[in-house]
Amino acid sequence: MQPSRLVIGQHLLRRILEQCMEERPYEACGILTGKNGQVLHAYATDNAKRSPVFYEVDAVQQERALRSMAEHGDELIAIYHSHPTAPAVPSINDIRLAVHYPEAIRVIVSLAGPADVRAFLIQDGRVHPVSLESPHDTAGEWLDLRAAGEQPN
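Here's a quick rundown of the structure.

What counts, and at which threshold
- Residues numbered from 1 in each chain as written.
- Predicted model: local features only at pLDDT ≥ 70, side-chain atom pairs only at ≥ 80, totals over all residues.
- Heavy atoms only, no water.
- Helix = DSSP H or I, 4+ residues; strand = E, 2+ residues; numbered from the N terminus.
- Expected span 1.5 Å × (residues − 1).
- Buried < 20%, exposed > 50% of the residue type's maximum accessible area, 1.4 Å probe, protein only.
- Arc of directions from axis to C-beta.
- Contact = heavy atoms within 4.5 Å.
- Polar contact = N/O pair within 3.5 Å; in protein donor to acceptor, adjacent residues only side chain to side chain.
- Pairing = 2+ DSSP bridges.

Some thoughts on helix α1 (residues 10–23)
Given 3.6 residues to a turn, an α-helix orients residues that are three or four positions apart in the same direction. End to end, α1 covers 20 Å across 14 residues, agreeing with the expected 20 Å (1.5 Å per residue, within 8%). Every buried residue of α1 is accounted for by Leu12, Leu13, Ile16, Leu17, Gln19, Cys20 and Glu23. Each buried residue of α1 lies within a common arc of 160° when the element is viewed along its axis, so the set occupies one face. Summarising the contacts, the buried residues of α1 are in contact with β2 (29–35), β3 (38–45), β4 (75–83), β5 (105–110), β6 (116–123) and β8 (141–144).

Description of the side chain of Gln61
Mapping Gln61 onto the fold places it in helix α2 (residues 59–72). By relative accessible area, Gln61 is classed as buried at 5%. Side-chain polar atoms of Gln61 contact the backbone nitrogen of Asp46, separated by 2.6 Å.

Describing the pairing of β2
Taken across its 7 residues, β2 has 6 buried, putting it largely inside the fold. By the bridge criterion, 7 bridges tie β2 to β3 in an arrangement that is antiparallel. Considered in β3, the bridge of Thr33 is made with His41. As consecutive antiparallel partners, β2 and β3 are separated by 2 residues, and within that stretch Asn36 has a phi angle of approximately 50°, a positive value. In this structure, β2 lies alongside β4, joined through 6 bridges in antiparallel fashion. Its bridge partner being in β4, Ile31 is matched across the sheet by Ile79.

Observations concerning α2
With 14 residues, α2 extends 20 Å between its outermost C-alpha atoms, agreeing within 8% with the 20 Å of an ideal straight helix rising 1.5 Å per residue. Buried positions along α2 lie against β2, β3 and β4. Near the N-terminus of α2, the side chain that reaches the backbone nitrogen of Val60, with its oxygen 3.2 Å away, is that of Asp58. Backbone geometry just after α2 places Gly73 at a positive phi near 70°.

Quick notes on the environment of Lys35
Looking at the secondary structure, you find Lys35 in strand β2. Given a relative accessible area of 36%, Lys35 falls into the partly exposed group. Along the sequence, Lys35 and His72 sit 37 residues apart, while their C-alpha atoms lie 10 Å from each other. Those residues in contact with Lys35, other than ones at most four positions away along the chain, are Leu40, His72, Gly73, Asp74, Glu75 and Ile77. One polar contact links Lys35 to Asp74, side chain to side chain, over a distance of 3.4 Å.

See below:
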C-alpha cells in the first residue's frame, strides 16, 4: 500500500524548519515515525556528510531513532532533509538513495526562497508526490539526537 498523505502537526513542522535553518549551508536531516501517516515522533539527526548538496543520517543516531520507534510501537513514516539552495524536489542523489527504506516518504525542505516543504514517495526510480497536511496542533514529540542537542534517554 502506498501512502497517499502525510500528516505533520505545525509544532513539529516548525521544529524541522528551525533545524534546517540552523544547519544551513549544510543539508539537515532526520527521521519521522508514527502511525497511519500521522507523525508522532520527529528525530533530528546530524548529517554525517556535512555537505550542502548531500546528506547521510548519522548511523548511530539512526539506530537510536529506530530503536525508539520500536519501543513506541511506531512505524517509519518518512525521512526528511533540506535543500539549502535548491527547490523542494528530489535530486538525482535523493532518487538514488531512496532504495534504502523505499516505503518511507521523503520530505524535502527547500530554503532557496521562502521555505517550501514537499513530500514524495520514491520507488523504483519513480517519484510520486504525497499530500502533506499540517494541522494546527501541538501533537507529536521532537527528539533532538544531534551531537550538539542530545537529550538524555
